[in-house]
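Structural overview
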Amino acid sequence: MGATSGFAARSVQIAFVAIVIGVWWGVTKTHAVMPLFLPPVGLVARTIDQLFSTGEAWAAVRLTLLTIVEAYALAVVAGLLAGYFVTRSRFLTEVFEPLIANLFTIPIILFFPLFVLFFGIGPGSKIAYGALYGFFPVALNTIAGFSRVERRFLWAARSMGASPFGLFRHVLVPSALPVIVTGLRISFLICLASVLGGEELSAAAGIGKNIELAAELMDPARMYSWIVFVVLTTTVLNLVLSQIEGRVRER
Amino acid sequence: MTVAFDQARAPAATERPVAISVKGVTKRFGEGTGLGVMALSEVTLDIRRGEFVCLLGPSGCGKSTLLNIIGGLLPQTAGTVEVAGKKVAAPLPNDMAFVFQESTLFPWYTVTENFRVALKFQGVPHAEWEARTQEALAAVGMVQFAGHYPDQLSVGMRQRVNLARGIAMGTDIILMDEPFAALDEQTRMVLGEDLSSLLAKTGKTIVFVTHSLAEAVFLSDRIVVLTARPAAIKKIVRVEEPHPRSPDFMLEPRFSELRNELYELLRDEIRKTMAMQGGGAPGGGG
């Protein structure tokens, strides 16, 4: 059942990407759009090649990736711990679940200047900002995961004489994991977007800073090169994460 | 399956030692909230070793509550439960195993892993896991499905495995909470036969919660008929038929007589329960 429809869906998706690139190629070739707004595909491809073959891009890539990883690590650790402890009591869950859910809806980007004020123009402000934003989906899904553990499994385990740790390892965690991994994936994408966005707003270096700089210097080929690079990298990372998530959710 | 198989032990049923002793057990839910619900009222019952006892009552009457109190999963409000001479205050995994509905197999583990984790919880040494798993799976004819996940099996197969998991615990007592409720009638009957022959072979004590009259008559040595909530013992009906029981037992006139007797006893209680539920009383699993 899934094989043929999966193939059809994949074909349409690939066709969609091909059409986007085709339209891009068409409108620049016919000069329908000014090159300042949209440089030709070929020029962008050459600029990407140039950026990476001369090695000038790697420092920015390394810095941004490291910032994302640090922000994400903080978000995951804090989110898992907070989420787990909140679910240890029904009262705490009733208090904090809606609170965290509501805080998540606040556009935290508005407070970005404060992050720069507190943590400086270096990676610190981006780490703090990304970690805070990425914290919410991890915490919320951890709460959802641990609260939905069904009582019949807990009772069965208790009747077999399970220790508190045994209950945690063999019942709570496997039961909550499928929901938690979804939170982990969403959090990663949020950390990534937050760090790049933060870098565009205010930073000394990094991919976001390079994009902002290229725009300011009216160098659209460079700007689009970075954007295309980010789009490709994010797509690959998301595919990898979805695969991992699918594996975990299967069981 | 011949009726003569186990004639020797049937008459001795009343003289065998007491395995489970329930004395004056009362249970009230929601104590101190002003919305307390009385679930059990002064239940006193002795269950003898090797006996198959059914707790039968209208749904929601508190029969599962009684079973959970016997198993140490729920604290009682008053009264005592003794198992193997010990007062029950928490689960006693080495004396009593629970078999719930088939959906309590952990879906994230394979059949084998389900057994391993159960034996690990129970504190059984690692070296024994494999043999006990194999033996229990063989007893229900499920060895070839050891590597399957529960959701890859049919409901009936899952319940066989679940039953085997209870057996693998190696306890003298098995407490069963409507284990066949989700099964179709035919599967139910086959598993009922399996259970009857298991009892004949191993001499385990089984306490079985059900609301099926036929199931109660087919399986039980004694049927404890409970009233509508708060559950109290209305009558205890004895079924004189040795295990293992053959499906032919269901065709005998006294099978229908017993079932009719149970229905007589239950009819008013079922009406009372329906009236309570109509009045907005909280339902629940019994």
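Anyway, here's the lowdown on the structure attached to this text. (Residues numbered from 1 in each chain as written. Chains lettered and ligands numbered in written order. Predicted model: local features only at pLDDT ≥ 70, side-chain atom pairs only at ≥ 80, totals over all residues.)

The next point concerns the overall build of chain A. In terms of regular secondary structure, chain A is built from 10 helices and zero strands. Beginning at the N terminus, the succession of helices and strands in chain A can be written as α-α-α-α-α-α-α-α-α-α. The buried share among the 251 residues of chain A stands at 32%. Contacts in chain A between residues far apart in sequence, at least 24 positions, make up 75% of those at least 6 positions apart. (Helix = DSSP H or I, 4+ residues; strand = E, 2+ residues; numbered from the N terminus. Buried ≥ 20, exposed ≤ 12 C-beta atoms within 10 Å, placed from the backbone. Contact = placed C-beta atoms within 7 Å.)

Moving on to the interface of chain B and chain A. At the junction of the two partners, chain B supplies 18 residues and chain A supplies 16 residues. Ranked by residues supplied to the side of chain B that touches chain A, first place goes to helix H2 (residues 111–122) of chain B with five residues. Taken together, the residues that form the side of chain B that touches chain A break down as 12 nonpolar, five polar and one charged. (Nonpolar A, V, L, I, M, F, W, Y, C, P; charged D, E, K, R; others polar.)

So, about the nonpolar core. Considering soluble globular proteins, one finds that nonpolar side chains tend to be buried as a cluster. Judged by nonpolar contacts, the single largest core of 116 residues is most densely connected at Ile70 and Val207 of chain B. At 13 residues, helix H6 (residues 123–147) of chain A tops the list of elements feeding residues into this core. If we ignore the near neighbours within four places in the chain, the residues touching Val207 of chain B are Ile20, Ile47, Val53, Leu55, Leu67, Ile70, Leu175 and Met176 of chain B. (Core = buried A, V, L, I, M, F, W, Y, C linked by C-beta atoms within 7 Å.)

Residue and element names in this part refer to chain B. Ordered in space as S2-S1-S4-S5, the four strands form an open sheet in which the pairing is antiparallel. Of all strands in the sheet, those with a lone pairing partner are strand S2 (37–48) and strand S5 (86–87), marking the two edges. One ladder, built from two bridges, connects strand S4 (residues 78–83) with S5; its direction is antiparallel. Paired with Val83 across the two strands is Lys86, which belongs to S5. (Pairing = 2+ DSSP bridges.)

Residue and element names in this part refer to chain A. Between its first and last C-alpha atoms H6 spans 36 Å; for 25 residues at 1.5 Å apiece the expected length is 36 Å, and the two agree. Maximum bend of H6: about 25°, positioned at Phe135, with proline Pro137 one to four residues after it. Summarising burial for H6: 22 of the 25 residues are buried, a large majority. (Expected span 1.5 Å × (residues − 1). Bend = angle between axes of the 7 residues up to and from the residue.)

All names here are of chain B. Along the polypeptide, Leu40 turns up in strand S2. With 12 residues separating them in the primary sequence, Leu40 and Arg28 have C-alpha atoms 7.0 Å apart. Those residues in contact with Leu40 that sit more than four places away from it in its chain are Val25, Thr26, Lys27, Gly62, Thr65, Leu66, Pro230 and Ala231.

We now examine the sheet that holds strand S10 (residues 233–238) of chain B. All names here are of chain B. Reading across from one edge, S6-S7-S8-S3-S9-S10 is the order of the six strands in this open sheet, with mixed pairing throughout. A strand with exactly one partner marks an edge of an open sheet, and here the two such strands are strand S6 (96–99) and S10. Going from strand to strand, the sheet's axes swing by 15° on average, the running direction of each strand aside. Together, S6 and strand S7 (173–177) form the strand contacts of helix H4 (residues 155–168), whose direction differs from that of S6 by roughly 175°. (Axes fitted to C-alpha atoms, helices over the stretch in contact; angles between N-to-C directions.)

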